[in-house]
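Listed below are the residues making up each chain.
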Amino acid sequence: MQLPSSLSQTDPQIAALLAAEEARQRETIRLIASENFASAAVREASASLLTNKYSEGYPGARYYEGQQVIDQIERLAISRAQTLFGAEHANVQPYSGSPANLAVYLAFLKPGDTVLGMQLAHGGHLTHGSKASITGKHWKIVSYEINRESQRLDYDQVRDLARQHRPKLIIAGHSAYPRQIDFAAFRHIADEVGTILLVDMAHFAGLVAGGAHPSPIPHADVVTTTTHKTLRGPRGAMILCRAEHAARIDKAVFPGLQGGPHNATTAAIAVCLQEATQSNFADYAHRCVKNAQALAAGLLEKGFNLVTGGTDNHLILVDLRNKGLGGKPVAKALDRAGLVANYNAVPWDDHPPQNPSGLRLGSPAMTTRGFGEKEFRRIAEWIDRIIVSRLDEKTIDQVATEVRDLCMGYPMP
Ligand code: DSN
């Protein structure tokens with residue numbers, strides 16, 4: 001039987017929706033800090049016929065035959081990850097960031113053990129122990145916060161909590177903390193209480209690869225990362241660890257948590273890791289930081305409150321409380337103007353997570369598209385114009401037209 005070859009013939013409805021999404025991505029400015037534009041090569045590998053293959057197990061030790069090619073692909077992805085990040089061991093099979101983190105819990109903890117992680121509203125991730133996540137239900141979570149005055153990570157507090165609660169796992173890393181982390185300080189604390197240190201570098205892995213952010217690899221026992229954020233690969237994840245932990249990490253991923261790896265994703269991860277070794281990737285990584293700082297500077301000039309007062313990575317967390325508007329209505333108004341961001345809790349937020357006081361912004365996607373500091377300054381002006389207008393629809397329409405015009409000069413990869 002001949003399978004129909006084109007999506008538009010087989011399923012015109014989905015084909016039309018894909019075309020609509022392509023137009024939306026082309027005509028809007030993406031400021032979601034965790035999003036990016038993967039290259040055509042990454043997307044080609046992701047959409048390849050590798051999706052047809054099952055391969056439970058690891059290269060050379062599979063439960064299905066026919067792995068002549070898949071084993072080579074996975075070995076290549078592993079060795080590229082080890083080389084790029086200087087890691088002793090890499091597992092490239094986790095389906096995404098949450099399963100990668102869960103695999104680390106499974107590898108090192110028993111249910112009920114104590115974990116020390118960053119409070120969600122202070123920049124942590126759901127899987128760092130939020131009550132809404134399985135991690136907050138099956139393990140005893142102690143959370144550290146940023147310091148009220150400095151608004152930075154408070155390593156004394158982390159040390160005090162570690163001494164008091166003797167966690168089996170300490171997690172460093174974030175989804176919404178606009179500053180670099182002192183990984184050596186976390187290492188000292190972990191050593192003092194004799195515990196495992198996990199760094200979740202999902203947000204800044206691309207910056208690490210491009211030399212625009214310190215690497216956690218020399219300090220952490222285990223490092224998890226997604227591959228689709230600043231790293232600009234397919235939607236997937238990796239776990240990097242010291243050789244002594246390799247067997248328990250691999251066992252936790254498969255058969256502990258997952259079944260067959262997504263081989264098309266594995267190939268696309270290999271491609272993105274290869275792309276990350278190119279000199280233009282280092283340039284992209286440094287521009288991500290410069291562009292985020294330009295956006296931050298533009299917002300500060302307009303009287304916006306930024307958590308920690310600015311950024312030294314790819315993201316910004318705006319506290320909108322001095323503007324008298326909630327994060328959700330602002331994010332929705334910006335979306336109508338073609339400025340796509342997400343509402344976000346801020347530290348000590350007095351509003352619920354469904355309608356919090358913050359707005360998270362990020363530079364990676366539009367940096368990939370070629371925006372520079374001038375364009376990011378313009379974004380600050382647009383955001384200010386919309387806020388000053390109190391989310392007036394006419395102003396939003398005018399900004400939307402200007403946004404579309406600017407986007408036309410910056411083609412998608
Ligand atoms: N959802 C991701 C983010 O936006 O930061 C974290 O997993």
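Structure's up top.
What you see is a predicted model; the values in this text were computed from it and never measured.

Draft legend 1. Region of the structure containing the nonpolar core. Residues F85, F186 and L231 are the most contacted members of the largest nonpolar core, which totals 65 residues. Excluding anything up to four places from it in sequence, F85 contacts M201, A205, V208, A209, I217, L231, M238, L240 and L273. Counting residues in hydrophobic clusters, the runner-up holds 39 residues, among them F304, A331, A365 and I383.

Draft legend 2. Expanded view of empty space enclosed by the protein. Applying the stated rule across the entire model yields one cavity of 30 Å³ or more. By volume, the largest cavity amounts to about 50 Å³. Lining the largest cavity are V92, Q93, P94, Y95, R235, G236, H262, T265, T266 and I269. Tallied by class, the residues present in the lining of the largest cavity amount to four nonpolar, five polar and one charged.

Draft legend 3. Geometry of helix α8 (residues 183–193). When α8 is considered as a whole, its buried residues turn out to be F183, A185, F186, R187, I189, A190 and V193. Taken together, the buried residues of α8 touch β6 (140–144), α7 (155–165), β7 (169–173) and β8 (196–200). Directly beyond the C-terminal end of α8, a positive phi value near 65 degrees is found at G194.

Draft legend 4. Representation of the pairing of β7. Taking burial as the measure, the five residues of β7 include five buried ones, the bulk of the element. Taking every second residue as pointing to the same face, both faces of β7 are buried, with L169, I171 and G173 on one and I170 and A172 on the other. Where strand β5 (residues 114–118) lies against β7, two bridges are found, and the strand directions are parallel. Within β7, the residue paired with L116 across the bridge is I170. The pairing of β7 with β8 spans five bridges and is parallel. If you follow A172 over to β8, its bridge partner there is V199. What joins β7 to β8 is α8, and the crossover it makes is right-handed.

Draft legend 5. Local environment of the site of the ligand. In the vicinity of the ligand, the contacting residues are S34, H125, S175, H203, K229 and R360. A distance of 2.7 Å separates an oxygen atom of the ligand from a polar atom in the side chain of S34. Taking H203, its side chain carries an N or O atom lying 2.7 Å from an oxygen atom of the ligand. If the ligand stood free it would expose 240 Å²; the protein chains cover 63% of that surface. Here the shell around the ligand is composed, by residue class, of no nonpolar, four polar and two charged.

Draft legend 6. Here's a closer look at helix α12 (residues 279–301). With 23 residues, α12 should cover 33 Å at 1.5 Å per step; its first-to-last C-alpha distance of 33 Å lies within 8% of that length. Of the residues making up α12, those classed as buried are F281, Y284, A285, C288, V289, N291, A292, A294, L295, A296, G298 and L299. A positive backbone phi angle near 85 degrees is found at G303, which sits one or two residues after α12.

Draft legend 7. Fine view of the environment of L31. You can see L31 is positioned in the loop between β1 (29–30) and α3 (40–46). For the pair L31 and R62, spaced 31 residues apart in sequence, the C-alpha separation works out to 41 Å. Filtering out sequence-adjacent residues up to four positions away, L31 remains in contact with L339, V340, A341, R360, L361, G362, F376 and I379.

Draft legend 8. Quick peek at the layout of surface pockets. One number sums up the size of the largest pocket: a volume of about 750 Å³. Forming the walls of the largest pocket are 25 residues, and the residues nearest its centre are Q25, R30, N36, A38 and R43. For the lining of the largest pocket, the element with the highest residue contribution is helix α2 (residues 12–27), accounting for six residues. Looking at the lining of the largest pocket residue by residue, the class counts come to ten nonpolar, six polar and nine charged. Each pocket or cavity is described by its volume, and for the second largest pocket that value is around 570 Å³. Looking at the second largest pocket, it is lined by 27 residues, and the ones nearest its centre are L120, G124, S175, N344 and A345. In the lining of the second largest pocket, the residues fall into eleven nonpolar, eleven polar and five charged.

Draft legend 9. Quick peek at the packing of α7 against α8. Across the interface, α7 lies against α8 with an axial gap of 10 Å and an inter-helix angle of 15 degrees. By the angle between their axes, α7 is roughly parallel relative to α8. Note that α7 runs across α8; the crossing there is right-handed. Contact residues: α7 offers Y155, V158, R159, A162 and R163, while α8 offers A185, F186, I189, E192 and V193.

Draft legend 10. How the structure looks around unusual backbone geometry. At the junction of F254 and P255, the peptide bond is cis and its omega measures out at 10 degrees in the coordinates. Backbone geometry places R166, a non-glycine residue, at a positive phi of 45 degrees. Considering the arrangement of structural elements, one finds R166 in the loop between α7 and β7. Overall, R166 belongs to the partly exposed group, its relative accessible area being 48%.

Calculation criteria
- Residues numbered from 1 in each chain as written.
- Predicted model: local features only at pLDDT ≥ 70, side-chain atom pairs only at ≥ 80, totals over all residues.
- Heavy atoms only, no water.
- Core = buried A, V, L, I, M, F, W, Y, C linked by side-chain atoms within 4.5 Å.
- Buried < 20%, exposed > 50% of the residue type's maximum accessible area, 1.4 Å probe, protein only.
- Contact = heavy atoms within 4.5 Å.
- 1 Å grid on protein atoms, 1.4 Å probe; cavity = no way out; pocket = protein on both sides within 12 Å on 5 of 7 lines; lining within 4 Å.
- Points joined across faces, edges and corners; volume = space filled by probe spheres on them.
- Nonpolar A, V, L, I, M, F, W, Y, C, P; charged D, E, K, R; others polar.
- Helix = DSSP H or I, 4+ residues; strand = E, 2+ residues; numbered from the N terminus.
- Pairing = 2+ DSSP bridges.
- Right-handed = clockwise from strand over helix to strand, strands pointing away.
- Near = heavy atom within 4 Å.
- Polar contact = N/O pair within 3.5 Å; in protein donor to acceptor, adjacent residues only side chain to side chain.
- Areas by Shrake-Rupley, 256 points an atom, 1.4 Å probe, with all protein chains shown as cover.
- Expected span 1.5 Å × (residues − 1).
- Axes fitted to C-alpha atoms, helices over the stretch in contact; angles between N-to-C directions.
- Parallel < 35°, antiparallel > 145°, perpendicular 65-115°, else oblique.
- Left-handed = near helix turned anticlockwise from the far one by under 90°.

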